[in-house]
Amino acid sequence: MTPPRAVEARAAWLLLATFLVAVAGLIYELIAATLSSYLLGDSVRQFSLVIGIFLSAMGVGAWLSRFVSDAFSGFVWAQILLGIVGGFLAPVLFLNYAWMGQVALPLYGALIAIGILSGMEIPLIARVLEQIGALKFRFENVLSVDYIGALVASLAFPLLVIPYLGLMSASLAFGGLNLAVAGLSLLVFREWATRVQVAVWAVAFVATLGALWQSERLVSVAEAELFEDDVILSEATSYQQITVTRYRDRVRLFLDHSIQFDSLDEHRYHEPLVHPAMALAPRARDILILGGGDGMAAREVLRYPEVQSVTLVDLDPRVTQLFRDHPDLSKLNDNALSDSRVTVVNEDAWRFLERETQIYDVVIIDLPDPKSIALSRLYTKQFYGLLAERLSGQGVFVTQAGSTFFARQAFWSVAETIESSRNPQRPGRGLQAVPYHSYVPSFGEWGFVLATFEPLTDRRIELPDGLSYLDDDVWRAAQIFGGDTDRVDAEPNTLQSHALMGYYLDGWDYWFR
């Protein structure tokens, strides 16, 4: 008969194991959701699919646990398999995507396996507790510890796991955690352990530690396949995956594996984004840039000597830090983020506008495409109405508006949204919109929408010296749209409808899926 103290010690270990495996299980779920968002796009759809599949698989696992005759052995095997499948989730998905371009099948297959194994854990632990005679450790105690573990994982994932480990190392590290739980369980219940279990556990644990030790090399191998050029910087932040590549003097920035600029042609994006608004504004002293953490838009704004202040609001502090301090990146924006006139604020654009009281002459919106609800809300009537309150009486704002060709209806939805947004200078009427476009080789035909309170007069625009692309003739031609990019019917984007996100995803899916 097992002594009471030994029973209590074993019961305490099983409750601790419940906490640890709950943390690992939710981390796998978050890694899968994040990876699917990075590689497949549409974070709302992917998170919904991952959560639904994972929880359903857990239900299947809980049901299947009744067919496991030896609860302890089943729990140990579940931990070993979770350590292998969950631990190698990110490496396998990254390498499979890099080599074969396929991610959905292995992602959802692994997710189902992880969900089934995770669903078996609590019923098996409860049965082991009952077997050892730990009567005071009720089933609800096990559930409570499991839920606490899930809470800890959900807090740790954005604050600690991604910033300090990254997806590849995090996957392997928590695979090691499951294997550690299996190993310690074999030690605590050594009389129930089998040689086969110990041997398989040892091989899996050594393999996982070896892969974790080589995780940076695995990342390099995957990125070498994913990107054409040499990867000079790769970091996962709480907000996104940052990757910078270089080939000779050519530098490209990718956020969540989507290209943001190519130093060879970025001037064909940033000059049209910035200079029409700056040139058409009667006064351009106080400037607000929403997004644009790479400092390129700020560089163009600082060409105007009358500019007194530039406030740049970008959510991710790591992006603005890199493009201010990294010698290879800061020279791309002519050290604009170190200019004394520039103030960098790392905050959500909506929250910034809600608390801000300053009035700006020009607002430049250089935000990512509206491929998720979190981004789509920054292209809504409500957002533009809020922005109009921060604009001077003769002020001008401009937003990038995506591809006029690949996401044609999305582009015209942005124009329709601006035209139907509240105009505080002319109550009952919308803002005045000027849609235009530019050909950027890295992106294709790209669109912008400029907005004012009153209709603009047709006049030549005066531009600063030293521009590589934009002049008055280019500006006039940019306002003309051909047959396959001309205006089409589109609903305005609102917080209730998010029509823009649907147009955007449908447009790109039509061409590239």
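Predicted, not measured: the structure shown is a model, and the values here were computed from it. (Residues numbered from 1 in each chain as written. Predicted model: local features only at pLDDT ≥ 70, side-chain atom pairs only at ≥ 80, totals over all residues. Heavy atoms only, no water.)

Trainee: Just to check I follow, could you spell out the overall build of the protein chain for this structure?
Mentor: Across its full length, the protein chain holds 19 helices and eleven strands. Of all 513 residues assigned to the protein chain, the portion counted as buried reaches 55%. Taking contacts inside the protein chain between residues at least 6 apart in sequence as the whole, the part at least 24 apart equals 73%. If you sum the accessible surface of the protein chain, you get close to 22,500 Å²; carbon and sulfur atoms cover 57% of it. Across the protein chain, the mean location of the 38 positive side-chain charges is 5 Å away from that of the 56 negative side-chain charges. (Helix = DSSP H or I, 4+ residues; strand = E, 2+ residues; numbered from the N terminus. Buried < 20%, exposed > 50% of the residue type's maximum accessible area, 1.4 Å probe, protein only. Contact = heavy atoms within 4.5 Å. Areas by Shrake-Rupley, 256 points an atom, 1.4 Å probe, with all protein chains shown as cover. Lys, Arg positive; Asp, Glu negative; His and termini not counted. Charge placed at Lys NZ, Arg CZ, Asp CG, Glu CD.)

Trainee: Would you mind showing me how to read empty space enclosed by the protein here?
Mentor: Space left empty within the atom packing is revealed by a probe, the size of a water molecule, rolled over the atoms. The tally for this structure, following the rule as stated, stands at two cavities of 30 Å³ or more. Its volume calculated, the largest cavity comes out at about 50 Å³. Lining the largest cavity, in full, are Asp369, Pro370, Ala401, Gly402, Ser403, Ala407, Ala410, Val414, Leu500, Tyr504 and Trp508. Residue assignment for the lining of the largest cavity shows that the elements contributing at least two residues are strand E9 (391-403), helix H17 (408-419) and helix H19 (499-512). Its residues assigned to classes, the lining of the largest cavity comprises eight nonpolar, two polar and one charged. The volume enclosed by the second largest cavity comes to roughly 30 Å³. Taken together, Pro272, Pro276, Tyr436, His437, Ser438, Tyr469, Leu470, Val474, Trp475 and Ala478 make up the lining of the second largest cavity. Elements represented by at least two residues in the lining of the second largest cavity include exactly helix H10 (267-280), strand E10 (432-440) and helix H18 (472-478). (1 Å grid on protein atoms, 1.4 Å probe; cavity = no way out; pocket = protein on both sides within 12 Å on 5 of 7 lines; lining within 4 Å. Points joined across faces, edges and corners; volume = space filled by probe spheres on them. Nonpolar A, V, L, I, M, F, W, Y, C, P; charged D, E, K, R; others polar.)

Trainee: Got a minute to help me understand the sheet that holds strand E2 (residues 241-247) in this structure?
Mentor: Judged by pairing direction, the sheet is antiparallel, and its four strands sit side by side in the order E1-E2-E3-E4 without closing on themselves. Two strands close off the open sheet at either side, each with one partner strand: strand E1 (230-236) and strand E4 (258-262). Strand-to-strand twist across the sheet, computed as the mean angle between neighbouring axes with direction ignored, equals 20 degrees. With six bridges connecting them, E1 and E2 associate as antiparallel partners. Each residue of the ladder has a partner; that of Glu235, found in E2, is Ile242. (Pairing = 2+ DSSP bridges. Axes fitted to C-alpha atoms, helices over the stretch in contact; angles between N-to-C directions.)

Trainee: I tried to follow the sheet that holds strand E5 (residues 286-291) on my own but got confused; where do I start?
Mentor: Two modes of strand pairing occur in sheets, parallel and antiparallel, and in both the strands are linked by backbone hydrogen bonds. Pairing is mixed in the open sheet, where seven strands are placed in the order E7-E6-E5-E8-E9-E11-E10. Edge positions in the sheet fall to strand E7 (342-345) and E10, since each has one partner strand and no second. When the angles between neighbouring strand axes are averaged without regard to direction, this sheet yields 15 degrees. Bridge count between strand E6 (residues 309-313) and E7: four bridges; the pairing is parallel. Looking at the pairing, Leu312 lines up with Val344 of E7.

Trainee: What should I look at first to understand the side chain of Glu356 in this one?
Mentor: Take Glu356: it is sitting in the loop between helix H14 (349-355) and strand E8 (360-366). Put simply, Glu356 is tucked away with no salt bridge, and the nearest opposite charge, on Arg355, sits 4.1 Å away. (Salt bridge = Lys/Arg side-chain N within 4 Å of Asp/Glu carboxyl O.)

Trainee: Where do I start with the nonpolar core in this structure?
Mentor: Side chains of nonpolar character tend, in soluble globular proteins, to be buried together. Formed by 51 residues in total, the largest nonpolar core has its most connected members in Met278, Ile287, Val301 and Ile364. No other element matches the seven residues that H10 contributes to this core. Once residues within four sequence positions are removed from consideration, Ile287 is found in contact with Met278, Val301, Val307, Ser309, Val310, Thr311, Tyr360, Val362 and Ile364. Membership of the second largest hydrophobic core comes to 42 residues, among which are Phe352, Phe383, Tyr384 and Val449. (Core = buried A, V, L, I, M, F, W, Y, C linked by side-chain atoms within 4.5 Å.)

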